[in-house]
Amino acid sequence: MDYEKIYQDFYSKYYDKAEFLIKQFLIKRQSQNKTFTNSLNETRQYLYNYTTNNLLVNNNESLKELYRIFDNRYRVYDTNQIQEVFSDEIKTGFDKLKVSELPKEYNYILLIKEIALLEMLREISRILSNHSRLLEMMYNLNKFDKFEIRTHKNLDLEDYPIYKQLHLELYPDTEKNNFGLLGSETIVLSNFDNSEKRVQFNSLFINSKAYDCFLKYQKHIIDFYSDYSYLKKRLEKEKLIYYHKDNDFMRIIFEELLLISAKNYDNYCVEGKLKSLQKSYSVQRENNFNIVFDELL
C-alpha cells in the first residue's frame, strides 16, 4: 500500500485548510483592532490546545510510542522515510497492539491521518514563529492578498519579494539615499520601533538579532536533549539571552514559541533539567553555533 501518498494527501489537505482558517482569523482580528501580538498568540495557543486535546495520538501511550518511531525516521532510513517507516516499524508495532490498548474504532489509516495532522500543525507553528515579522507587516497594513504560511527554502525571509514590498511601504525612508532634514533620525526610529516589536515577541532574548539566529539554529536540532542543552548554555555564556531556569526556558520554547513537540517536551520533563555546557559539548555543535551566531560573537 502506498502509505506515503495517504500521508501526503492528508497533510496537504489539512495544511491548506489550516492556512485558510488562520488567514480568515487574522483578518477578523485585524478588523477588530486587536494587536498582532495578541492575535498571533491566540492562533498559536489554539494550535497548541488542538494538538494536545484533540489528537488521540497525543493521549494514548501506545500511539505516542508509534509517533516517536515516526519522529525518528530520518535516523533509520536513508530514502523514502515516510513510506518505509509506515510500511515497516510503525505497521508492525500497530499490529501488535491489543484492541484494549487502542481508542474505540481506531485503525491504521486514522493513525496515519493523525500523524499527518500533528506534523502539519508543528510545521505551521514553526513558520508562524519564524515569519512573525512578515505576518506582522501584512497584519498592520491589512494586506492579506498574498498571505501564506510557506517557506521558500532558497531565500532568507528578508529576501522574500513580499517582505521587501511590505517593508518598503512601512519604512519608505530606509530606501532613500537622500535623507533630507531629520531623515537619518527617521530611519533610526523606524528601525528601532520595528526591532522593539520583534523583541517583545518573547522574553528570552537580549535583542531581535539573537532571536533570529536562534530560529535559524533550529535546523541543527537533531539530538533534541543534548542540542538544546548546548544551545541554551552557550547562549547564557555569550550573554545572548536573559537568565531563566532550565524549566522556565523549555516551557517558553514549548508553550510560547512552539518550537518543540509535546513528545520532546515530555522527554525533557522526565530529565527535569538540561545538561551542562561541558557535558553537552561537541565539535559539531560548537561549529554550528559559531556559524549561525557569528555576527553576535
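Residue positions are counted from 1 within each chain, in the order its sequence is given. Two thresholds apply to this predicted model, a pLDDT of at least 70 for residue-level local features and 80 or more for giving and counting side-chain atom pairs, whereas whole-chain, interface and lining totals are computed over all residues. Note that water and hydrogens are dropped before the side-chain values are worked out from all heavy atoms of the structure.

J.: Sorry, what's going on with the overall build of the chain here?
T.: Helix and strand definitions here come from DSSP, where helices need a minimum of 4 consecutive H or I residues and strands a minimum of 2 consecutive E residues; each element is numbered from the N-terminal end. In terms of helices and strands, the chain carries 16 helices and zero strands. Put simply, the chain has 297 residues, and 46% of those count as buried. Surface exposure of the chain reaches about 16,300 Å², of which carbon and sulfur atoms provide 49%. Only protein chains enter the accessibility calculation, which uses a 1.4 Å probe; a residue is then buried when its area is under 20% of its type maximum, exposed when over 50%, and partly exposed in between. Note on areas: Shrake-Rupley, 1.4 Å probe, and residue coverage restricted to the protein chains presented here.

J.: Help me out: how do you make sense of helix 1 (residues 3-31) in this one?
T.: Side chains three or four residues apart in an α-helix point the same way, a direct result of the helix having 3.6 residues per turn. Counted at 1.5 Å a residue, the expected span for helix 1 with its 29 residues is 42 Å, and the 42 Å between its end C-alpha atoms agrees. Asn33 sits one or two positions beyond helix 1 and adopts a positive phi of about 65°. Multiply 1.5 Å by the residue count of a helix minus one, and that product is the helix's expected span.

J.: What exactly am I supposed to notice about unusual backbone geometry here?
T.: Leave glycine aside and you will find that most residues have negative phi; peptide bonds, for their part, are mostly trans. Backbone geometry at Glu105 places phi at a positive 60°, although glycine is not the residue there. Tracing the backbone shows Glu105 in the loop between helix 6 (89-96) and helix 7 (108-130). Using a relative accessible area of 69% as the deciding quantity, one classes Glu105 as exposed. Non-glycine residue Lys239 carries a positive phi angle of around 60°. Residue placement: Lys239 occurs in the loop between helix 12 (224-237) and helix 13 (246-256).

J.: Is there a simple way to think about the pattern of salt bridges in this case?
T.: We define a salt bridge as a contact between a side-chain nitrogen of Lys or Arg and a carboxyl oxygen of Asp or Glu at a distance within 4 Å. A complete count under the given rule lists 23 salt bridges for this structure. Notably, a salt bridge pairs Asp95 with Lys91, separated by 2.8 Å at the nearest N-O pair. Here the residue Asp95 and the residue Lys91 both occupy positions in helix 6, the gap between them amounting to four residues, near one helical turn. The partly exposed category is assigned to Lys91, whose relative accessible area is 22%. Taking the shortest distance from any N to any O, the salt bridge between Lys209 and Glu295 comes out at 3.5 Å.

J.: Can you walk me through the packing of helix 2 (residues 36-54) against helix 7 in this structure?
T.: Between two packed helices, both the angle of their axes relative to each other and the distance between the axes serve to describe the pair. Only the stretch in contact is used when a helix axis is fitted, and all axes are lines through C-alpha atoms; the angle between N-to-C directions ranges over 0 to 180 degrees. The geometry of helix 2 relative to helix 7 is characterised by a closest axis approach of 11 Å and an angle of 160° between their N-to-C directions. By the angle between their directions, the pair helix 2 and helix 7 is classed as roughly antiparallel. Helix 7 is crossed by helix 2, and the crossing has left-handed handedness. Two secondary-structure elements touch here, helix 2 through Leu40, Thr43, Arg44, Leu47, Tyr50, Thr51 and Asn54 and helix 7 through Glu114, Leu118, Leu121, Ile124, Ser125, Leu128 and Ser129. Only Asp, Glu, Lys and Arg are considered charged, only Ala, Val, Leu, Ile, Met, Phe, Trp, Tyr, Cys and Pro nonpolar, and every remaining residue, Gly among them, polar. In terms of residue class, the contact of helix 2 with helix 7 is made up of seven nonpolar, five polar and two charged. Roughly parallel means an angle under 35 degrees; roughly antiparallel means over 145; roughly perpendicular covers 65 to 115; every other angle is labelled oblique. In this scheme the handedness of a crossing depends on how the near helix is turned from the far one: anticlockwise by less than a right angle means left-handed, clockwise means right-handed. Residue contacts follow a heavy-atom distance rule, with two residues in contact if any of their heavy atoms lie within 4.5 Å.

J.: What should I look at first to understand the nonpolar core in this one?
T.: By nonpolar core is meant a set of buried Ala, Val, Leu, Ile, Met, Phe, Trp, Tyr and Cys residues that side-chain atoms within 4.5 Å join together. Phe86 and Leu111 are the most contacted members of the largest nonpolar core, which totals 53 residues. Looking at this core, the elements with two or more residues in it are helix 1, helix 2, helix 3 (61-71), helix 5 (81-87), helix 6, helix 7, helix 8 (132-141) and helix 9 (161-170). Counting residues per element, this core draws most heavily on helix 7, which supplies 12 residues. Each residue touching Phe86, except ones within four places of it in the same chain, is listed here: Tyr3, Tyr7, Phe70, Lys91, Tyr108, Ile112 and Ile115.

J.: Where do I start with helix 16 (residues 283-292) in this structure?
T.: Among all positions of helix 16, only Arg285, Asn288, Phe289 and Val292 are buried. In an axial view of helix 16, the angular spread of the buried residues amounts to 95°, which keeps them on one side of the axis. Away from the buried face of helix 16 by more than 90 degrees, exposed residues Val283 and Ile291 are located. If you follow the buried residues of helix 16, they end up packed against helix 11 (208-217), helix 12 and helix 15 (277-280). As used here, the arc is the angular range of directions from the helix axis to the C-beta atoms.

J.: I'm lost on the side chain of Thr43 in this one. Help?
T.: Inspection of the secondary structure assignment puts Thr43 in helix 2. Residue Thr43 is classed as buried on the basis of its relative accessible area, which comes to 6%. Ignoring anything within four residues of it in the chain, the contact list for Thr43 reads Ile22, Phe25, Leu26 and Leu128.

J.: Sorry, what's going on with the packing of aromatic side chains here?
T.: Two aromatic rings, drawn from Phe, Tyr or Trp (for Trp, its six-membered ring), form a pair once their centres lie within 6.5 Å of each other, and the interplanar angle then sorts them: stacked below 30 degrees, edge-to-face above 60, tilted otherwise. Going through the model one piece at a time under the given rule, you end up with 26 aromatic pairs. Between Phe36 and Tyr139, the ring centres sit 5.5 Å apart and the planes meet at 65°, which makes this aromatic pair edge-to-face. Here the residue Phe36 occupies a position in helix 2, and Tyr139 occupies one in helix 8, the gap between them amounting to 103 residues. In this structure, Phe36 and Tyr139 share a single accessibility class: buried. Between Tyr46 and Tyr50 the ring centres are 6.3 Å apart and the planes differ by 35°, which places this aromatic pair in the tilted class. Residue Tyr46 and its partner Tyr50 are both found in helix 2; the two are separated by four residues, about one turn of the helix. Residue classification places Tyr46 among the exposed residues on the basis of a relative accessible area of 54%. With a relative accessible area of 26%, Tyr50 lands in the partly exposed category. Put simply, the rings of Tyr3, Tyr7, Tyr11, Tyr15, Tyr67, Phe70, Phe86, Phe94 and Tyr108 touch in pairs and so form one group of aromatic residues. For Arg73, the ring lying beneath its charged end belongs to Phe70, and the centroid distance is 3.9 Å. Charge-over-ring placement is defined geometrically: NZ (Lys) or CZ (Arg) within 6 Å of the ring centre, and within 35 degrees of the ring normal.

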